[in-house]
Amino acid sequence: MTAGASTDVTTGVTTGATTDVELAITGMTCASCANRIERKLNKLEGVSASVNYATEKAHVVASGPVSTDLLLETVAQAGYAASVPDPGADDDHAEVELAALRRRLVVSAVLAVPVVAVAMVPAWQFDRWAWVSLVLATPVVLWGAWPFHRAAATNLRHGTTTMDTLVSVGVGAAYTWSLVALVLGDAGMPGMTHGFSLSLQRGDGLDEVYLEVAAGVTTFLLAGRWFEKRSKRRAGAALEALLRMGAKEVTLLRDGVETQVAAEQLRVDDVFVVRPGEKVATDGEVVEGASAIDVSMLTGEPVPVDVGPGDVVTGATVNAGGRLVVRATRVGADTQLAQMARLVEQAQQGKAQVQRLADRVSGVFVPVVIALSLLTLAAWLLSGAGATTAFAAAVAVLIIACPCALGLATPTALMVGTGRGAQLGILIRGPEILESTRRVDTIVLDKTGTVTTGRMSLVDVVVHPDTPADEAEVRRVAAALEHGSEHPIARAVATAAARPEHPEVVGFANREGLGVVGDVSGRRTAVGRPALLEAEGMALPAPLAEALEAARALGRTPVLVGWEGVARGVLVVADTVKDTSAAAVARLRDLGLDPVLLTGDHERAARAVAAEVGIDTVVADVLPAEKVAQVRRLQEAGRVVAMVGDGVNDAAALAQADLGIAMGTGTDVAIEAADLTLVSGDLRVAGDAVALARRTLATIRGNLFWAFAYNVAALPLAALGLLSPMIAGLAMALSSVFVVSNSLRLRRFRSSIA
């Protein structure tokens, strides 16, 4: 239980603004069950609940204090069981359920196969074969179909109906009719045989049995339910794998002594050792050592990232190089891995608008189908057909109508899609986000940290042609002086020196807003703006003045270096474009999106970056508040806008956009405001995110179309007597299997990043 307040452990009631509870639900057998539990919970004051049939969980948000016991009791009143999830226990329970269902299926199949075979082949119908079929079919109908009967009885006690009601009534009616025909009719007479047809034939009395329908439909439905449950477990495998990625043990370093402990014992500010080949136990900051970190498990990025003192590392990534000493900055539920898992699970628990429509349809579908079945029975009888034909058509209507596929259409696709996204470093916040991706036609890109690296780098050095100093010396002298400054430009210059050792600096001084001065190797040296060198009496030769203007024209930052009365060179510093940004923009164009570069940087820098990556539309010199206005302006012009950003100043614009995409390398504020999060800083993943979301939505729509079309097409066929009850049961079971299998195809989605 999580909340925006505190929990009183003595009462089990959460106090404060909101309560957020997750419940594991057992006993659900179809989408109508989930819909019914959801309606029951939502009747509680201040409660908003979403029940997901595929994940078998309820997500409850209350606007005030709510007792967990009250929620559990409410679910029980609806005829189902609920509990607070225990991940390990949930896995064990699911395995037990799956094993029990498999056992029920195998026994039913062994008994049903001879019943169906004999009924289908008249030549095999030996003397009194129908009585033998009754003996074999009875355990199937009473024990094999018991889950359907039990659920139907529970629903009846509560005055409701579900898909199980249809199954139970259909199977029970076929069995009862057969029993009556054997005992009171001619079906059990010696030498009695009857044919088998995929369509119905007019009959004239109690001379036929439908034991093959009762046994066959039960077996088909059990098979469909077993495949469905097994497939649902496979669909959630990505999330389970994500949760298992973390390190199990860690080597703590205290007072120079290394101690092996469980990873759960780590606390913030603990220092731990990561040896080559080991997983980083939790999010932290490197305090000692240098290495390369394999981040592919989280981001999909194949190239290891070099880290050293001061660099941030993420839990579950692998140390591919040297020994590292790391200080823990986030542990437990606060780590990036835990946040990823939480976002994935929240997305799987939510419901898209199309799914809510399916839930409403399934909620009223059962009583309508029962009424249609009764009308079918009456219509056939009034038409002069035999009771057998009328009864068989009515039963076929009951069986063919079960819209289990309808209930599975959205959640299974969503589970697989979000799970696959997590594997590729794409976190989808909720199912409604998928619908936004289909309509997006414009994508607004923040410049700094999104298209560019967000770090200043030395990109060019221009040396006065008449000076005896060469480029290496200009770099070295400038780096020696800038080494004492914390300014981003100074750091870029200092780290770009050809050699790590610097000449000795005496009399270092920082001239605010202009640069730095000092004596380097006994020479008075200045590094900074032209005004600083002018103040120090250093002349600016014409070639360097031209280089200065050329750098400014490209939106870059030029820094002059001078000593002994004259400027010796120009260092050009810029926020460099990421190597992958041009390919990312091309990918977004291929998806039909019009890219717009939006930045608070000045126009020339923005234009230079846009030209480098292939963006035509640039909006520069905007404040954070103006970013929101620019997104709103595009929306008012009829555009459906996606926004990609990484900074605190992008958060409001991300929230305003129809689809907010945050870079996982950015700030927590931006990530919280976004709809999609890209774990890596690679903009190419934005194209994958849009493509995956669209593919998932297309799968959901395909599933729903199949489910709706199946019922619309099959019901009239069953009512007109063109489908036998057994074939109707087989078709209904296969439709659910088809929907789940179609959703599982999303696991084969491939990233465009080679």
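Residues numbered from 1 in each chain as written. Predicted model: local features only at pLDDT ≥ 70, side-chain atom pairs only at ≥ 80, totals over all residues. Heavy atoms only, no water.

Per an unreviewed UniProt entry, the protein chain goes by Cation-transporting P-type ATPase B and derives from Nocardioides marinisabuli. According to UniProt, the comment filed for the protein chain under the heading Catalytic activity (unreviewed entry) is "ATP + H2O = ADP + phosphate + H(+)". What the UniProt record of the protein chain gives under Subcellular location (unreviewed entry) is the line "Cell membrane". (UniProt positions renumbered as here; feature names shortened; annotations may be inferred.)

### Side note on the UniProt feature "transmembrane region" (unreviewed entry) in the protein chain
The sites that carry the UniProt feature "transmembrane region" (unreviewed entry) are, in the present numbering, residues 105-123, 129-146, 166-189, 209-227, 361-382, 388-410, 704-720 and 726-744. Annotated as residues 105-123, this span is 84% helix and 0% strand, and its ends, taken at the C-alpha atoms, are 28 Å apart. Helix and strand shares over residues 129-146 are 94% and 0% respectively, and the end C-alpha atoms of the span are 25 Å apart. (Helix = DSSP H or I, 4+ residues; strand = E, 2+ residues; numbered from the N terminus.)

### Things to note about the environment of histidine 464
Note on placement: histidine 464 falls in the loop between strand 19 (452-463) and helix 16 (471-482). The exposure class of histidine 464 is buried, given its relative accessible area of 11%. Ignoring sequence-local partners within four residues, the contact set of histidine 464 consists of Pro541, Leu544, Ala567, Arg568 and Gly569. (Buried < 20%, exposed > 50% of the residue type's maximum accessible area, 1.4 Å probe, protein only. Contact = heavy atoms within 4.5 Å.)

### Things to note about the sheet that holds strand 20 (residues 505-511)
Taken in spatial order, the six strands make up an open sheet running 19-24-23-22-21-20, and their pairing is antiparallel. In this open sheet, the two edge strands, each paired with only one partner strand, are strand 19 and strand 20. Adjacent strand axes in the sheet meet at a mean angle of 20° when their direction is disregarded. Sheet topology note: the strand 23 (residues 557-563)/strand 24 (residues 566-577) ladder contains seven bridges and is antiparallel. Its bridge partner lying in strand 24, glycine 562 is registered against alanine 567. Along the sheet, helix 19 (residues 542-553) makes contact with strand 19, strand 23 and strand 24, crossing strand 24 at roughly 15°. (Pairing = 2+ DSSP bridges. Axes fitted to C-alpha atoms, helices over the stretch in contact; angles between N-to-C directions.)

### What about a nonpolar patch on the surface?
Where nonpolar side chains cluster on the molecular surface, the patch consists of Trp131, Leu179, Val180, Val183 and Leu184 and spans about 440 Å² of accessible area. With three residues, the single largest contributor to the nonpolar patch is helix 6 (residues 163-183). As for its placement among the helices and strands, leucine 184 is situated in the loop between helix 6 and helix 7 (211-235). The exposure class of leucine 184 is exposed, given its relative accessible area of 67%. (Patch = residues over 30% accessible without salt bridge, like charges linked within 9 Å, V, L, I, M, F, W, Y side chains within 5 Å. Areas by Shrake-Rupley, 256 points an atom, 1.4 Å probe, with all protein chains shown as cover. Salt bridge = Lys/Arg side-chain N within 4 Å of Asp/Glu carboxyl O.)

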